[in-house]
Number of protein chains: 4
Amino acid sequence: MSPIETDRIQSLLPHWVETSRQRSSQGKVAAYIPELSKSPIDALGVYILGADGTSASAGDYNLSFTMQSISKVFTLILALMDNGEEGVFSKVGMEPTGDNFNSMLKLELVQPGIPFNPLINAGAIVISSLISGHSNDEKSSRILNFFRELSGNDTLTYNFDVYRSESATAHLNRSMAYFLLDNGVLQGEVEDVLDVYFRHCAINVTCADLARMALVLAHDGTDPLTGAALIPRRYVQIAKTFMITCGMYNASGEFAIQVGLPAKSGVSGGILTMVPGRYGIGVVGPALNRKGNSIAGVHLLETLSREFDWSLF
Amino acid sequence: MSPIETDRIQSLLPHWVETSRQRSSQGKVAAYIPELSKSPIDALGVYILGADGTSASAGDYNLSFTMQSISKVFTLILALMDNGEEGVFSKVGMEPTGDNFNSMLKLELVQPGIPFNPLINAGAIVISSLISGHSNDEKSSRILNFFRELSGNDTLTYNFDVYRSESATAHLNRSMAYFLLDNGVLQGEVEDVLDVYFRHCAINVTCADLARMALVLAHDGTDPLTGAALIPRRYVQIAKTFMITCGMYNASGEFAIQVGLPAKSGVSGGILTMVPGRYGIGVVGPALNRKGNSIAGVHLLETLSREFDWSLF
Amino acid sequence: MSPIETDRIQSLLPHWVETSRQRSSQGKVAAYIPELSKSPIDALGVYILGADGTSASAGDYNLSFTMQSISKVFTLILALMDNGEEGVFSKVGMEPTGDNFNSMLKLELVQPGIPFNPLINAGAIVISSLISGHSNDEKSSRILNFFRELSGNDTLTYNFDVYRSESATAHLNRSMAYFLLDNGVLQGEVEDVLDVYFRHCAINVTCADLARMALVLAHDGTDPLTGAALIPRRYVQIAKTFMITCGMYNASGEFAIQVGLPAKSGVSGGILTMVPGRYGIGVVGPALNRKGNSIAGVHLLETLSREFDWSLF
Amino acid sequence: MSPIETDRIQSLLPHWVETSRQRSSQGKVAAYIPELSKSPIDALGVYILGADGTSASAGDYNLSFTMQSISKVFTLILALMDNGEEGVFSKVGMEPTGDNFNSMLKLELVQPGIPFNPLINAGAIVISSLISGHSNDEKSSRILNFFRELSGNDTLTYNFDVYRSESATAHLNRSMAYFLLDNGVLQGEVEDVLDVYFRHCAINVTCADLARMALVLAHDGTDPLTGAALIPRRYVQIAKTFMITCGMYNASGEFAIQVGLPAKSGVSGGILTMVPGRYGIGVVGPALNRKGNSIAGVHLLETLSREFDWSLF
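Residues numbered from 1 in each chain as written. Chains lettered and ligands numbered in written order. Predicted model: local features only at pLDDT ≥ 70, side-chain atom pairs only at ≥ 80, totals over all residues. Heavy atoms only, no water.

Student: I tried to follow the interface of chain A and chain D on my own but got confused; where do I start?
Tutor: Interface size, as often reported, equals the accessible area lost upon joining of the parts. With 30 residues of chain A in contact, the opposing surface of chain D contributes 30 residues. Of all residues in chain A, E95, I257 and F313 of chain A bury the most surface against chain D, accounting for 29% of the area lost on that side. Seen at the junction of chain A and chain D, the total is four salt bridges. Close ionic contact of D99 of chain A with K106 of chain D constitutes a salt bridge, the shortest N to O distance being 3.2 Å. Our count for the chain A to chain D interface comes out at 20 residue pairs in polar contact (both at pLDDT 80 or more). Mapped onto the side of chain A that touches chain D, the elements with two or more residues apiece are α10 (233-246) and α11 (252-258) of chain A. If one sorts the elements of the side of chain A that touches chain D by residue count, α10 of chain A sits on top with nine residues. (Contact = heavy atoms within 4.5 Å. Buried area = accessible area lost by both parts, 1.4 Å probe. Salt bridge = Lys/Arg side-chain N within 4 Å of Asp/Glu carboxyl O. Polar contact = N/O pair within 3.5 Å; in protein donor to acceptor, adjacent residues only side chain to side chain. Helix = DSSP H or I, 4+ residues; strand = E, 2+ residues; numbered from the N terminus.)

Student: What am I meant to see in unusual backbone geometry here?
Tutor: The phi torsion of most residues other than glycine is negative, and most of the peptide bonds are trans. Here the amide bond leading from Q111 of chain A into P112 of chain A is cis, since omega sits at 5°, within 30 degrees of zero. Turning to its location among the elements, P112 of chain A is positioned in the loop between α3 (105-109) and α4 (121-130). Although it is not a glycine, D220 of chain D sits at a positive phi angle of roughly 60°. Checked against the element boundaries, D220 of chain D lands in the loop between α9 (207-218) and α10 (233-246). With a relative accessible area of 31%, D220 of chain D lands in the partly exposed category. (Buried < 20%, exposed > 50% of the residue type's maximum accessible area, 1.4 Å probe, protein only.)

Student: Would you mind showing me how to read helix α12 (residues 295-308) of chain C here?
Tutor: An α-helical turn contains 3.6 residues, so a residue and the one three or four places further along point in the same direction. Residue and element names in this part refer to chain C. The terminal C-alpha atoms of α12 lie 20 Å apart, and with 14 residues this matches the ideal 20 Å at 1.5 Å per residue to within 8%. With respect to burial, α12 is a largely interior element, 11 of its 14 residues being buried. Those residues of α12 lying buried are I295, A296, G297, V298, H299, L300, L301, T303, L304, S305 and F308. Following α12 by one or two positions, D309 has its phi on the positive side, about 55°. (Expected span 1.5 Å × (residues − 1).)

Student: Help me understand the relation of the copies chain A and chain D in this model?
Tutor: Note that the two copies of the chain are related through a rotation about an axis and a translation along the same axis. After a rotation of 180° and a shift along the axis of 0.0 Å, chain A superposes on chain D with an RMSD of 0.0 Å. The symmetry that links the two subunits is that of a two-fold axis. The residues that chain A uses at the interface reappear at the interface of chain D in 100% of cases, marking a shared surface. (Least-squares fit on C-alpha atoms with pLDDT ≥ 70 in both.)

Student: What is the right way to read the domain arrangement of chain A from this model?
Tutor: All names here are of chain A. Parsing chain A into structural domains produces domain 1 (3-65 + 206-308) and domain 2 (69-201). Each partner contributes to the interface: domain 1 provides 30 residues, whereas domain 2 provides 35 residues. When the two sides are added together, the surface that domain 1 and domain 2 hide from each other amounts to roughly 2,900 Å², 75% of it contributed by carbon and sulfur. Contact with domain 2 buries surface across domain 1, with M213, Y235 and F242 losing the most and accounting together for 23% of the total. Across the domain 1-domain 2 interface, the total number found is one salt bridge. Here E85 and R234 are joined by a salt bridge, their closest N and O atoms 3.1 Å apart. (Domains from an automatic or database assignment.)

Student: Can you help me understand the UniProt feature "binding site: substrate" (unreviewed entry) in chain A in this one?
Tutor: Residues and elements named next belong to chain A. In this numbering, the UniProt entry assigns the feature "binding site: substrate" (unreviewed entry) to S69, N121, E166, N173, Y197, Y249 and V267. On the secondary structure map, N173 appears in helix α7 (residues 171-182). In this structure N173 comes out as buried when scored by relative accessible area, which is 5%. Dropping the residues within four chain positions of it, N173 is found in contact with N121, I125, E166, L194, Y197 and F198. Its place among the elements puts Y197 in helix α8 (residues 190-201). Discounting residues that sit within four places of it in the chain, Y197 has contacts with K72, N121, A124, I125, S128, E166 and N173. (UniProt positions renumbered as here; feature names shortened; annotations may be inferred.)

Student: Looking at this structure, I do not really get the nonpolar core. What am I missing?
Tutor: Soluble, globular proteins show a tendency: their nonpolar side chains are buried together. Core analysis: the largest hydrophobic core is formed by 169 residues, its most contacted members being F74 of chain C together with F74 of chain D. The next biggest cluster of nonpolar side chains, apart from the first, holds 161 residues, and it includes A79, L156 and A239 of chain A together with V236 of chain B. (Core = buried A, V, L, I, M, F, W, Y, C linked by side-chain atoms within 4.5 Å.)

Student: What should I look at first to understand the packing of helix α5 (residues 136-151) of chain B against helix α8 (residues 190-201) of chain B in this one?
Tutor: For any two helices packed against each other, one specifies the crossing angle of their axes together with the interaxial distance. Residues and elements named next belong to chain B. Two elements in contact, α5 and α8, have axes whose closest approach is 9 Å; the angle formed by their N-to-C orientations is 25°. It follows that α5 is roughly parallel to α8 by the angle criterion. You can see that α5 and α8 cross each other, and the crossing is right-handed. Residues N136, D137, K139, S140 and I143 of α5 touch α8, and the partners they reach there are D192, D195, V196, R199 and H200. For the contact of α5 with α8, the class distribution of residues is two nonpolar, three polar and five charged. (Axes fitted to C-alpha atoms, helices over the stretch in contact; angles between N-to-C directions. Parallel < 35°, antiparallel > 145°, perpendicular 65-115°, else oblique. Left-handed = near helix turned anticlockwise from the far one by under 90°. Nonpolar A, V, L, I, M, F, W, Y, C, P; charged D, E, K, R; others polar.)

Student: Would you take a moment to explain the packing of helix α7 (residues 171-182) of chain C against helix α8 (residues 190-201) of chain C for this structure?
Tutor: Residues and elements named next belong to chain C. It is at 10 Å that the axes of α7 and α8 come closest, and there the two elements cross at 130°. The angle between α7 and α8 places the two elements in the oblique class. Crossing angle aside, the handedness with which α7 passes α8 is right-handed. Packed against α7, whose contacting residues are N173, R174, A177, Y178 and L181, the element α8 presents V190, E191, L194, Y197 and F198 at the interface.

Student: What is the right way to look at the interface of chain C and chain B in this model?
Tutor: Each partner contributes residues to the interface: chain C has 30 residues there, and chain B has 30 residues. For the chain C and chain B pair, buried surface summed over both sides reaches about 2,600 Å², with 60% attributable to carbon and sulfur atoms. For chain C, the biggest contributors to the area lost against chain B are E95, I257 and F313 of chain C; these three give 29% of the whole. At the junction of chain C with chain B, the criterion picks out 20 residue pairs in polar contact (both at pLDDT 80 or more). Here the side of chain C that touches chain B gets nine residues from one element, more than from any other, and that element is helix α10 (residues 233-246) of chain C. When its residues are assigned to classes, the side of chain C that touches chain B shows 11 nonpolar, 10 polar and nine charged.

Student: Even after reading the chapter, I still don't get the packing of aromatic side chains, so can you show me in this structure?
Tutor: By convention here, two paired aromatic rings are described through the distance between centres and the angle between planes. All names here are of chain C. Under the counting rule described, the total for this entry stands at 46 aromatic pairs over all chains. With a centroid separation of 5.7 Å and 50° between ring planes, the pair formed by Y279 and W310 is classed as tilted. Taken as a pair, Y279 in strand β8 (residues 279-284) and W310 in the segment after α12 lie far apart in primary sequence, 31 residues in all. Each member of the pair, Y279 as well as W310, carries the same accessibility label: buried. (Phe/Tyr/Trp six-rings, centres within 6.5 Å; stacked < 30°, edge-to-face > 60°.)

Student: What is the right way to look at the sheet that holds strand β7 (residues 270-275) of chain A in this model?
Tutor: Neighbouring strands of a sheet are bound in pairs by backbone hydrogen bonds; such pairs are parallel or else antiparallel. Residues and elements named next belong to chain A. Ordered by their spatial adjacency, five strands build an open sheet running β3-β2-β8-β7-β6, and the pairing between neighbours is antiparallel. Only two strands of the sheet have a single neighbouring strand rather than two, namely β3 (55-59) and β6 (263-265). Across the sheet, the axes of successive neighbouring strands diverge by a mean angle of 10°, strand direction being ignored. Examined bridge by bridge, β7 and strand β8 (residues 279-284) share six bridges and lie antiparallel to one another. The residue bridging V275 from the neighbouring strand is Y279, located in β8. Across the sheet, helix α1 (residues 3-21) lies against β2 (45-49), β3 and β8, angled at about 20° from β3, the strand it touches most. (Pairing = 2+ DSSP bridges.)

Student: Would you mind going over the environment of L300 of chain A with me for this structure?
Tutor: Residue and element names in this part refer to chain A. Its location among the elements puts L300 in helix α12 (residues 295-308). Assessed through its relative accessible area of 0%, L300 is described here as buried. Through-space distance from the C-alpha of L300 to that of G269 is 13 Å; in sequence the pair is 31 residues apart. Residues within four places of L300 in sequence aside, it is in contact with W16, V17, S20, L44 and V46.

If you want it as structure tokens, here you go:
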């Protein structure tokens, strides 16, 4: 957390980034959102931010990308702040599924047909429906403002190309939303809920933005750079726990064993993670492995966690 | 097929209808389409039509009800007439599923994610998308005209209350349609396809209408009352085979063993069946058993098949 | 049924067999029972037996092979004769599954966890447990004698190499049997039940044997060559219905549409089928398609049914 | 970790135990192993052991019970010590399943058909097969000795009544084992592997034994009371991670959120957990909740974790 620490990380980071970057050729850029397929396949960037504001960074850390599923951690937190634990957990469960992030099997097979957790697509759609606001626009504004506050970046905004691309092709999310409506889990108009969902997935960030947001979680909801208390500690605890058990799609168990840090990935290749009490970390590497996580990004985090003994376990 | 035969059936039918009607109290009227829940729970009617135009009938055979899934037999036939076997069977399979009629499990679990057969909901939605026509209205008109021709009833039309009720609440069908769109099985706009689907499900009929439509199938596609060749025999053969293997939801196997006739039921409580080469039969009894078939209607057909040795097997 | 008919079939059969035989190269001989993998991959034989004793045959109709799943039709019949309909259908259902013949999914997913039908492996194992007898040997003897009676072949016996090979490698059948034991569906010792099951699967036959057994079914349980009433008609009806809905694994629906005859196949490449009221038919072709049915045999039966308009539908 | 700490816990513990004990009436003692159904339904005991040997305890902490699934944590560790990470993780995965602990669905549905993790039944059976030894007896001896060493209790031994009861009724475990054999995941004789498995599940312990075993894990593999290095730290890390993601059956996610400690439960009502770096904890309460965990035990641990802020997150 001291400049000395980040200096030491900085001295090693560029080499590790280049080593991990080579994994990119074994991965694939997400194609199911057409706009995402334009991402640079061999990019890899990382930004590590300490509580004293010192940082280490390497590679393509200036690359701009959409948050995608990473946003789900923070909409969950906002939904908790809006509805309390009971309000949220009457609509989504707390369990990992072992299935793909967009699977609908358990919605049909397991009564009462609520999403198993808030980080799979079905769960995140329900969470979007729980954000307070009189209209889509108000809900979306509240989310964007919350993300700006957490990232300390007032210019955070949407990538409308990605938003439109996802909205036009997200048939499976529509399918899920109607299923949830039929199960009585989702309230309101499907297209309205999905609009809120597509918007927060399409918020543009850099690794530095993710690192700052993660730093707040790493310090129990208080931004150590400003001292501002932004999230009640209990909700940070809930979010971090979900990040361990369900944050990396159906590779969360493996990531917990190989890295051991709360993390959340997105199909844009971003990963937000943290060393609790110390660092906030943002990573981006658009080439994905078979489970949908950044192949080079996961490799880099495995290296970092092993070298610095960062695992919580 | 002679007046003597239908006379004999007529003499026995009222008693059997009253016996079977008592089963109604063990069933439930479909509630998932709100408008259907208004159906009279203890109604039971039957109309049996011979090739010579003589008929037998009993009970509430004048009750008007919507075709619901029964219509799927005839949209399948029209889709075959419009697209040929290859055109249809590249989009839907030929196998029973063992699952509920509205299950989505196999769409996710079994590659290539096409509906297992044209009589489950997912399959019937795909079939609706295959009807020729430049617009929803044209497609729907072609279907309605085809049904009028088959039933010899020019006044056949929609029950708009049921149509609106289903359209407003059919979240699961929407979910299925978007899933099929994502799988690349469905073409066009989901709401357009569903509009065609909801319309043909909401066509109002009586038992006599069903009996006449069934009579055409029982005579290999030719209406014996007019001599008009309405359907190519091969497509009738395909339809009758599906009615045996998949016509009674996931009770089709049991119905084949206990009754042994090609049949198709709907959640309105209607059943269309036939004695090939002889009779067309329409039945209605809105109280449904656990599998979604008319509880009294199935009992009545078991009695008739056993008494007259009608099973094909 | 007259010599004239079989003469006509005989004149065409050799050509059709040679045409269909060419499909064999696209199939695979069953490998999961090691002994079966020795079967001649391009063999194809057929034997068609009329009620007057005249026959037509072509290709490798003298090939000896094990009945495998074909035997399940006749153990079902024997179990019905031993226990009645109620005794049997409290333990197995009447529905096709849409799943692979050795799938266990529905045993876990669908209450009350009884096999969906008696022709999938789980169901056939339960049927084996229902055969009367004080010991495995007595049960197996009763089955063998019943099969000898039906085939008119007193020399019918086991292929012990196949029996041992299957018994040694049938881990999945053991898995299924223990699951059924846990579900309370199976009584007795698992190995005892499986021994009965493996034995009847390993009974050696030729196409002529199958044709004779099928001829009895085609004539409602009476052997037309001897006049002996061997099976109550109702049980033949039940068996034939299952052969239509579930006889060809999860290609039964397609076979019903393309051939339209009651049939049962085995992984040895055998198919037993019939033209009700007329012929009994035995086919063998060890090369299997993706669904586990003889690839050349199915093609040959499609040709025959189309040419002679044999479909029941 | 100091006597002062355990004194403080001790002063509060009896009251909390009595409060939590009242939950027992809402749970059920495991019935599927007949011998377990004799457990006292309203028992609740806890033993908390510090690194200095001081302890706190309350309720029925002297109750003797079988380890059941708790043993799986330590057979996993022994298998890792015998085979290394690669040897173990080629046979079992690292992911939570969301399914019941004895579900077989994913073995059939998800290729390559290896158990998702080593703590569900299928995985633990595979782990039992990986323990080194020339015979069942040698494998079982090595396990028992390892458990004795970890617990510092040389008298640890089997409850043969429970062992026999489970062995006689564990049809589902046999089913699973044969399925795994068929998938090529399990080596050797099924009954041999299961014998090793049933034995280690039937090792009798008290809360104090569990607390001592947990204390070793809480101190990265070194027994703080003797200074003996018993387990390589990496394997403890792996075990603790699995305990967070999969230790409490398909309520692991909820337990992680409500308690936040690595834990493993058994159907005997035992729970082993720890506060890393500080305490080892053993709990027993035979009344189970719907997910198979001690209903009173979970409530007690929720209270403790909340009051002392023990969550890792």
